[in-house]
Structures are given as C-alpha cells and as structure tokens.
Amino acid sequence: GTVFALEKSRKHNEMARKYWAAAGVENTIDLKIGPALETLEKMLDTGHEDTVDFAFIDADKGNYVEYYKRCLKLVRQGGIVTLDNTLFKGKVIDDDCSEKTVKYIQEANQFIRNDDKVDVLMLNIGDGYTMAIKK
C-alpha cells in the first residue's frame, strides 16, 4: 500500500525523507506538499474516493470539520478517520471556555458525534483521539 503524507510546508521534508529511508519505507510514502484542503480535494477528484483505509488528522483545528468531511469521502467502508487532540487538555468539557482552539475542537467533536455515517469512539490517551469508523 501507499501512505499519503500531507504537509503544508517543505520545512521538514528532508528530515522526514531521511527517517523514511532509514526505515526502508521511502518508496511507500507519497508526500504531498501544499494546503491540505486543496490536496484532499485533488485526491477526491483523481479517483481516491472510497480507497483509503486510514486517515489521521492533526492539523489546524479551525479546519478539523472540513478535513474530516473530505477524509470520510476518501476512506472505504470500514475505514477509520482519526483526529488528534480532541480532548485538548480536558478543556473541551468546559462550555464556557472561550479559547478559539477549544471551540473548534468542540465543534468537530459535536459534528462527528452527530454523523450517522460513522460509529465513533473517543480515546482518552494523551490529549485525546477521536476515531470514526465509516459504516
């Protein structure tokens, strides 16, 4: 299989490639540089819909819902979309918290919880992971 790695910047490109080579996996990783929303759209436009097994989202929290929507289209039935930092230091349970990042994550958590296209579980490991399994 192929791992699609989406990265906004070329800044860590060389370092990542060095470690991929050391692990012997450099030929299985397709690094796509650029804005993730655009890259995900291109993937959808070029026949990747319903072909991906697993998507991991750890990016700007303000776009979590949009990343999730696109990744859900990319994953096959039974595929998993996982979002990182969904407990955000426990602050997501505080409805009165005014931090923008917390509000974005609360919005994403609510959106995914209400999505009838997936079964959802949240893991309280680290800063929290939400896993959505496509029905």
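Above this text you will find the structure in question.
Residues numbered from 1 in each chain as written. Predicted model: local features only at pLDDT ≥ 70, side-chain atom pairs only at ≥ 80, totals over all residues. Heavy atoms only, no water.

*Asks:* Lay out the overall build of the chain with the relevant residues and their values.
*Replies:* Along the backbone of the chain there are four helices and six strands. What you see for the chain is a C-alpha radius of gyration of 16 Å, in line with the 14 Å of a compact globule of 135 residues. With the C-alpha coordinates aligned to their principal axes, the bounding extent of the chain is approximately 45 × 30 × 25 Å. Within the chain, residue pairs in contact and separated by at least 24 positions form 61% of the contacts whose partners lie at least 6 positions apart. When the accessible surface of the chain is totalled, it reaches about 8500 Å², and 50% of it is carbon and sulfur. Averaged over its 20 positive side-chain charges, the chain has a centre that lies 3 Å from the centre of its 23 negative ones. (Helix = DSSP H or I, 4+ residues; strand = E, 2+ residues; numbered from the N terminus. Rg over C-alpha atoms; globule rule 2.2 N^0.38 Å. Contact = heavy atoms within 4.5 Å. Areas by Shrake-Rupley, 256 points an atom, 1.4 Å probe, with all protein chains shown as cover. Lys, Arg positive; Asp, Glu negative; His and termini not counted. Charge placed at Lys NZ, Arg CZ, Asp CG, Glu CD.)

*Asks:* Give a detailed account of the nonpolar core, specifying residues and quantitative values.
*Replies:* In this structure, Ile57, Tyr68, Val81 and Leu83 are the most contacted members of the largest nonpolar core, which totals 20 residues. If you list the elements that add at least two residues to this core, you get helix H2 (36–45), strand E3 (52–57), helix H3 (64–74), strand E4 (75–84) and helix H4 (100–113). If we skip the residues at most four places from it in the chain, Val81 touches Ala55, Ile57, Tyr68, Cys71, Leu72, Val75, Thr130, Met131 and Ala132. Counting five residues, the second largest nonpolar core, distinct from the first, contains Val92, Cys97, Val102 and Ile105. (Core = buried A, V, L, I, M, F, W, Y, C linked by side-chain atoms within 4.5 Å. Buried < 20%, exposed > 50% of the residue type's maximum accessible area, 1.4 Å probe, protein only.)

*Asks:* Let's hear about the side chain of Asp84: which residues, and what values?
*Replies:* Mapping Asp84 onto the fold places it in strand E4. There is no salt bridge for the buried Asp84, and the closest opposite charge comes from Lys61, which lies 6.1 Å off by N-O distance. Sequence-distant contacts of Asp84, that is, excluding residues within four places in its chain, are made with Phe56, Ile57, Asp58, Tyr64, Gly128 and Tyr129. (Salt bridge = Lys/Arg side-chain N within 4 Å of Asp/Glu carboxyl O.)

*Asks:* So what's going on with H4? Residues and values would help.
*Replies:* Compared with an ideal rise of 1.5 Å per residue, which puts 14 residues at 20 Å, H4 spans 20 Å between its outermost C-alpha atoms and is within 8% of the ideal. All buried positions along H4 are accounted for by Val102, Ile105, Gln106, Ala108, Asn109 and Ile112. Buried residues in H4, looked at end-on, bunch into an arc of 165°, giving them a common side. Contact partners of the buried residues in H4: H3, E4, strand E5 (118–123) and strand E6 (129–134). (Expected span 1.5 Å × (residues − 1). Arc of directions from axis to C-beta.)

*Asks:* Give me the lowdown on the pairing of E3, citing residues and values where you can.
*Replies:* Sheet topology places E3 next to E4; five bridges connect them, and they run parallel. For Phe56, the partnering residue across the bridge sits in E4 and is Thr82. The parallel pair E3 and E4, bridged by H3, forms a crossover whose chirality is right-handed. (Pairing = 2+ DSSP bridges. Right-handed = clockwise from strand over helix to strand, strands pointing away.)

In short, geometric facts, not functional conclusions.
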